[in-house]
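If you want the building blocks of each chain, they are given just below.
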Amino acid sequence: MPDRLVRGLLPSQGLRAVHVRVTDTARIARMLHGLYPTTARLFGEAMAAGLLVASLQKDRGRVNLQVECDGPVRGLLVDADPEGNVRGYVRAPLVHFPGDAAAGARAALGGSGFLSVMRDLGGGNFYRGQVELRAMELSKDLGSYFSESEQVATAVDLAVVPREGEPLGDVAGILVQRLPEGDDAALAAARARLASGAFRDAVARGAGAQDAIVAVAGDGFDLLADLEVAYRCGCSLERARVAVSALGRDGILDVLSNEREAVITCEFCRERYVVAEPELRDLARRLAEAQERDG
């Protein structure tokens, strides 16, 4: 079953629903960042959470979902868009607590912290909301974010279901949200089903996206979009050059005197870019000329 993001409406109940599967994407991220099992689980959940939030964006605006905590994992960041593209990183990737995986994930987060979401509203405008980590479970704290920061009635769940010795057997998330004229009772029923394990059960039996939505939100789902999910990064050599330019003339001259080349490693995808000595000298020259023109 490929990784997909499925979103649509339940018109008779006044609800919107989004389902995302990130199983293969989570495994790719685990290998890319060298994640230990506990951090791989947390990051898989976070990517699902980020994509669920991003699916609500308009005009392809990106979303950053960030966790800062006092536990050994220290924090993580997920960058996603409504088209199913996602990337991110974990601050401390080499964290693992053997035994109960869910308890290990809570231990990795620690005892306090914050979950924040930054939305790109377009035109250089951004919205940032933040809530305290109380449950130390991403699904529950994300639900608190919607309730407290965005004040939108929302039910959320994230599931990691191991299979045949593979800790990241299936990784998925679901969001059910009441529309302005929606039925509070219908959303309450969806919350109750999530609390009883309906979503995890659906993932465990291999249910498709629409079947999982029906299991949680009931019948009457109208599909609006079915998109591929993939780990994609927008880094490039040109962006690496821009990063080097930000050092300024003196900073570049310092690199030239000590290293003779600048090496930039993308924190999202681990791609390595090298800006060699001739280009560094050219950048330093152009920055010096710009300083002279500006007085």
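The structure under discussion appears in the preceding block.
Notes on the structure follow. (Residues numbered from 1 in each chain as written. Predicted model: local features only at pLDDT ≥ 70, side-chain atom pairs only at ≥ 80, totals over all residues. Heavy atoms only, no water.)

In this section: the packing of helix H9 (residues 248-258) against helix H10 (residues 277-293). The geometry of H9 relative to H10 is characterised by a closest axis approach of 9 Å and an angle of 155 degrees between their N-to-C directions. Comparing their axes, H10 and H9 come out roughly antiparallel. Along this stretch, H9 crosses H10, giving a crossing that reads as left-handed. Here Gly 248, Arg 249, Ile 252, Leu 253, Val 255 and Leu 256 of H9 come into contact with H10, specifically with Glu 277, Leu 280, Arg 281, Leu 283, Ala 284, Leu 287, Ala 288 and Gln 291. Of the residues in the contact of H9 with H10, the class split is 9 nonpolar, 2 polar and 3 charged. (Axes fitted to C-alpha atoms, helices over the stretch in contact; angles between N-to-C directions. Helix = DSSP H or I, 4+ residues; strand = E, 2+ residues; numbered from the N terminus. Parallel < 35°, antiparallel > 145°, perpendicular 65-115°, else oblique. Left-handed = near helix turned anticlockwise from the far one by under 90°. Contact = heavy atoms within 4.5 Å. Nonpolar A, V, L, I, M, F, W, Y, C, P; charged D, E, K, R; others polar.)

If you look at the biggest cluster of nonpolar residues, it comprises 55 residues, and the most contacted ones within it are Val 20, Phe 43, Met 47, Leu 51, Val 67, Leu 115 and Leu 142. The element that contributes the greatest number of residues to this core is helix H2 (residues 37-54), accounting for 11 residues. Not counting residues up to four positions away in its chain, the partners in contact with Val 20 are Arg 4, Leu 5, Ala 48, Leu 51, Leu 52, Val 171, Ala 172, Gly 173 and Val 229. Core analysis: the second largest hydrophobic core is formed by 24 residues, Leu 10, Ala 172, Leu 194 and Ala 207 among them. (Core = buried A, V, L, I, M, F, W, Y, C linked by side-chain atoms within 4.5 Å. Buried < 20%, exposed > 50% of the residue type's maximum accessible area, 1.4 Å probe, protein only.)

Turning our attention to the pattern of salt bridges. Pairs may arise between side chains of opposite charge once their charged atoms sit close together. Tallied over the full model, the rule gives 23 salt bridges. Residue Asp 81 pairs with Arg 62 through a salt bridge whose shortest N-O separation is 3.3 Å. Taken together, the residues Asp 81 in the loop between strand E4 (75-80) and strand E5 (85-90) and Arg 62 in the loop between H2 and strand E3 (63-69) connect sequence positions 19 residues apart. Classification of Arg 62 as partly exposed rests on a relative accessible area of 29%. Salt bridges sharing partners connect three or more residues here, namely Asp 3, Arg 21, Arg 163 and Asp 170. (Salt bridge = Lys/Arg side-chain N within 4 Å of Asp/Glu carboxyl O.)

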